[in-house]
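Listed here are the chains, written in short residue letters.
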Amino acid sequence: MKGLAKKTTAVTLSVAVIGTSFLTAGCNLKDKKELKELTGEYMDLILKGKFDKTSDLYTEEDNDISNLTLDPFNEQVFTAAMKNASYEVKDVEISGKDEAEVTVELLYADPQEVYDEDMEIDEFLEELEDSEELTDHEFTFTLVNDDEWLFDAESAGDLAEFITSLDDDLVFKGLNEVSALALVQNYYELIGEGKVAEAFDLVVFEGYEQEDISATLTGLGITEDNSTFTEFMTVYAERTSNTFEVIDVDDDCITVEVTSVSPDTDELNDYINSEDVMVRVYAEVLYALFFSGSNDMTLGPAIEPILQVMIDHIDEIEGTVENTRTVEVMEDEDGELYILMDEDSGNPIETVEGYSNFEVSDEDTVAYGSAALELLLEEGRITREDYDTYSSFFIYGN
């Protein structure tokens, strides 16, 4: 009897194990089918360029794919590259009950395989759209199960990068919309990195000589060597969004409209106009004017305290300012493109010069100037004789 009982127990356990295995396998098959269908729905939206419609398929609506916005040329390239595209779900691997990885093979027309530097843009896009030579690219997506299977928002970056890089290194000769947009975008990127001199090399300023521009930048300390200025431009650019749109195309000129939404730095005026900052500004101005012993006066050190204040407090700014300006892109005799800027373009020279313009009362000028001389004396940058010579000006204010 004991032997029979043991056999019965063993059989029962075996049946339970087998049953559990079948149940698990059945669940996996069901999940795999669901994952394939979900991935198919997702890829259909991607190939149609309906990135915003994927938000419901992600664990978080805020992700790199659902928020993806392409510039006009990138969108044209993407659309042409995906005209004859197809995909296949190659593999589905489920880890436990709440995570899976799905591998998808995408067949698409690779822009780099079609591109030739002698092509016109329209010719390139037409050949890309008609291309029958397709390139394969594999993506692996992570999905998680929280009551339902959804794409992990953190895994959206690879596909987004693939899409936005489709038009990388596609450069077309002559004056055209793509090159014009690329030039203007490059200008703003350089400005945002603090590489103002390099950015200005792309520009012809109407009414200014290039030598005057270089002298103005140097005089204001606006150089890549000025780490404070570079840091300010970087943190400012990180909090600024720019949109670019071609609004007019002529044979010899393409007009680009640039809309910028940036922090309202006027909110920091109380910090900038504080006594500590203004005394330091006055100290550097007075030193540059009277004590530096250099004919090449620079006001860079006078601007730095203001920039540092904005760096330190920029995250406190709540408001934004929207500015829209137009710039014209033209072609010189050598076939090189340049940006033409005038007063209506929001000439950046005037903006840069604005850093050193202050509206201060006579009373404050006397107070700040006197304190600035004392600061320079304390720091050993001027002598007692220097101090006595110039302090009378601020005592009597004349």
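The present account deals with the structure reproduced in this document. (Residues numbered from 1 in each chain as written. Predicted model: local features only at pLDDT ≥ 70, side-chain atom pairs only at ≥ 80, totals over all residues. Heavy atoms only, no water.)

Turning our attention to the overall build of the protein chain. The number of helices and strands found in the protein chain is 15 helices and nine strands. The proportion of buried residues among the 398 residues of the protein chain is 40%. Of the contacts formed within the protein chain by residues at least 6 apart in sequence, a portion of 70% connects residues at least 24 apart. Accessible surface, the protein chain: about 23100 Å² in total, of which carbon and sulfur atoms supply 45%. (Helix = DSSP H or I, 4+ residues; strand = E, 2+ residues; numbered from the N terminus. Buried < 20%, exposed > 50% of the residue type's maximum accessible area, 1.4 Å probe, protein only. Contact = heavy atoms within 4.5 Å. Areas by Shrake-Rupley, 256 points an atom, 1.4 Å probe, with all protein chains shown as cover.)

One key point about sheets: their strands pair by backbone hydrogen bonds, in either a parallel or an antiparallel sense. Spatially, S5-S9-S8-S7-S6 is the arrangement adopted by the five strands of the open sheet, whose pairing is mixed. For this open sheet the edge positions go to strand S5 (203-205) and strand S6 (241-249), each flanked by a neighbour on one side alone. Here the average twist between neighbouring strands, direction ignored, is 30°. Packed on one face of the sheet, helix H6 (residues 177-192) meets S5, S6, strand S7 (254-263), strand S8 (320-331) and strand S9 (337-341) and runs near 150° to S6. (Pairing = 2+ DSSP bridges. Axes fitted to C-alpha atoms, helices over the stretch in contact; angles between N-to-C directions.)

Here four strands make up an open sheet; going across it, the order is S1-S2-S3-S4 and the pairing antiparallel. Across the chains shown, the open sheet's two edge strands, defined by having one partner strand only, are strand S1 (86-95) and strand S4 (149-151). Within this sheet the neighbouring strands show an average axis-to-axis angle of 30°, counted without direction. Both S1 and strand S2 (residues 99-108) contribute to a ladder of nine bridges, which runs antiparallel. In the sheet register, Ile-94 faces S2, and the bridge partner there is Ala-100. Its contacts with the sheet put helix H5 (residues 157-164) on S2 and strand S3 (135-145), and the angle it makes with S3 is roughly 150°.

Bridging between S2 and S3 involves 10 bridges; their strand directions are antiparallel. Bridge pairing in S3 links Tyr-108 to Thr-135. Pairing between S3 and S4: three bridges, direction antiparallel. By the bridge assignment for S4, Leu-143 is matched with Phe-151. Counted along the chain from S3 to the antiparallel partner S4, the turn is three residues long, and its residue Asp-147 has a positive phi close to 75°.

Grouped burial of nonpolar side chains is what soluble globular proteins tend to show. One finds Tyr-42, Ile-65, Met-82, Phe-124 and Ile-163 to be the most contacted residues of the largest nonpolar core, which totals 49 residues. Top element by residues in this core is helix H1 (residues 2-47). It accounts for seven residues. The residues touching Ile-65, leaving out its near neighbours within four places in the chain, are Tyr-42, Ile-46, Phe-51, Thr-54, Tyr-58, Ala-156, Leu-159, Ala-160 and Ile-163. Val-203, Ile-213, Val-256 and Met-310 belong to the second largest nonpolar core, which has 46 residues in total. (Core = buried A, V, L, I, M, F, W, Y, C linked by side-chain atoms within 4.5 Å.)

Orientation of helix H11 (residues 275-291) relative to helix H12 (residues 300-313), taken along the N-to-C sense of each, is 160°, at an axis distance of 7 Å. In terms of their interaxial angle, H11 and H12 are classed as roughly antiparallel. You can see that H11 and H12 cross each other, and the crossing is right-handed. Residues Val-277, Arg-280, Val-281, Glu-284 and Val-285 of H11 lie in contact with H12, whose contacting residues are Pro-301, Ala-302, Pro-305, Ile-306 and Val-309. Taken together, the residues that form the contact of H11 with H12 break down as eight nonpolar, no polar and two charged. (Parallel < 35°, antiparallel > 145°, perpendicular 65-115°, else oblique. Left-handed = near helix turned anticlockwise from the far one by under 90°. Nonpolar A, V, L, I, M, F, W, Y, C, P; charged D, E, K, R; others polar.)

Looking now at the packing of aromatic side chains. Note on aromatic pairs: each is described by the distance of the centres and the angle between the planes. Summed over all chains, the structure comprises 21 aromatic pairs. Between the aromatic rings of Tyr-42 and Phe-141, the centroid separation amounts to 5.4 Å while the plane-to-plane angle is 75°, which identifies the pairing as edge-to-face. Of this pair, Tyr-42 sits in helix H1 while Phe-141 sits in strand S3, placing them 99 residues apart in sequence. In this structure, Tyr-42 and Phe-141 share a single accessibility class: buried. With 4.2 Å between their ring centres and 25° between their planes, Tyr-42 and Phe-151 make a pair best called stacked. (Phe/Tyr/Trp six-rings, centres within 6.5 Å; stacked < 30°, edge-to-face > 60°.)

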